[in-house]
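# Remarks on the overall topology
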Amino acid sequence: HMSIEVEPLAWNQLAEITKCLAVRDLLPKEITKDDVDQILEHTAWRWFQTLSNPRLIYLALHRWVSQQVEFMKDVHNQPPVTIWSCHDSSLIGLLCAYRLEKPSSWPEYS
């Protein structure tokens, strides 16, 4: 396995690291909010480009989406409040799977 000095970070890794550090006010002063926003915007664009492919999104999320749809069909036999939780990049996958409008920014980190 190569070290980070030899092998550059993938965009999604760079986005996660900068977002986490920004939320905690731990970014080096040389990295601006605009830099972070541009990294996140580019990363989101890459995710949407990849997951907008119908065959790829089917292979990636068909089982999960099918489970959600079956759950929603049986809504009267489910608890009154159901919380679905997932990673921010999984939210992008779900937006693509359900063919919903792309958000104007990357989902919030929490």
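Residues numbered from 1 in each chain as written. Predicted model: local features only at pLDDT ≥ 70, side-chain atom pairs only at ≥ 80, totals over all residues. Heavy atoms only, no water.

## Some remarks on the overall build of the protein chain
Assigned secondary structure in the protein chain consists of four helices and zero strands. Moving toward the C terminus, one meets the helices and strands of the protein chain in the order α-α-α-α. Sequence-distant contacts in the protein chain: of pairs separated by 6 or more residues, those separated by 24 or more amount to 66%. For the protein chain, the exposed surface amounts to about 8,600 Å²; the carbon and sulfur share of it is 57%. (Helix = DSSP H or I, 4+ residues; strand = E, 2+ residues; numbered from the N terminus. Contact = heavy atoms within 4.5 Å. Areas by Shrake-Rupley, 256 points an atom, 1.4 Å probe, with all protein chains shown as cover.)

## Considerations on the environment of Val65
Within the element layout of this structure, Val65 appears in helix α3 (residues 54–73). For Val65 and Leu94, which are 29 residues apart along the polypeptide, the C-alpha to C-alpha distance reads 7.7 Å. Apart from residues no more than four positions distant in its own chain, Val65 is found in contact with Leu94, Ala97 and Tyr98.

## Let's talk about the pattern of salt bridges
Tallied over the entire structure, the rule returns two salt bridges. Between Lys33 and Asp37 there is a salt bridge whose closest N-O contact spans 2.9 Å. Remark: Asp37 and Lys33 occur in helix α2 (residues 33–51); sequence separation between them is four residues, near one turn of the helix. Two residues, Glu70 and Lys73, come together in a salt bridge whose shortest N-O distance is 3.3 Å. Of the two residues, Glu70 and Lys73 are both situated in helix α3; the distance of three residues between them amounts to about one turn of the helix. Given the relative accessible area of 47%, Glu70 is considered partly exposed. (Salt bridge = Lys/Arg side-chain N within 4 Å of Asp/Glu carboxyl O. Buried < 20%, exposed > 50% of the residue type's maximum accessible area, 1.4 Å probe, protein only.)

## Focus: the layout of surface pockets
Considering only enclosed or pocket space, the second largest pocket measures out at about 270 Å³ in volume. Leu51, Ile57, Cys96, Ala97 and Arg99 are the residues nearest the centre of the second largest pocket, which is lined by 16 residues in total. Broken down by secondary-structure element, the contributors of at least two residues to the lining of the second largest pocket are α2, α3 and α4 (88–97). Looking at the lining of the second largest pocket element by element, the count peaks at seven residues for α3. (1 Å grid on protein atoms, 1.4 Å probe; cavity = no way out; pocket = protein on both sides within 12 Å on 5 of 7 lines; lining within 4 Å. Points joined across faces, edges and corners; volume = space filled by probe spheres on them.)

## Details of unusual backbone geometry
The phi angle at Asp25 is positive, at roughly 55°, despite the residue not being glycine. Its place among the elements puts Asp25 in the loop between α1 (11–23) and α2. At Arg99, a position not held by glycine, the phi torsion is positive, near 55°.

## Some thoughts on α1
With 13 residues, α1 extends 18 Å between its outermost C-alpha atoms, agreeing within 8% with the 18 Å of an ideal straight helix rising 1.5 Å per residue. In this structure, the buried residues of α1 make contact with α2. (Expected span 1.5 Å × (residues − 1).)

## Some words on the packing of aromatic side chains
Enumeration over the complete set of coordinates arrives at one aromatic pair. Centre to centre, the rings of Phe71 and Trp84 are 5.3 Å apart; their planes meet at 90°, and the pair counts as edge-to-face. Of this pair, Phe71 sits in helix α3 while Trp84 sits in the loop between α3 and α4, and the two are 13 residues apart along the sequence. (Phe/Tyr/Trp six-rings, centres within 6.5 Å; stacked < 30°, edge-to-face > 60°.)

Such coordinate-based values are descriptive only and should not be taken to indicate function.
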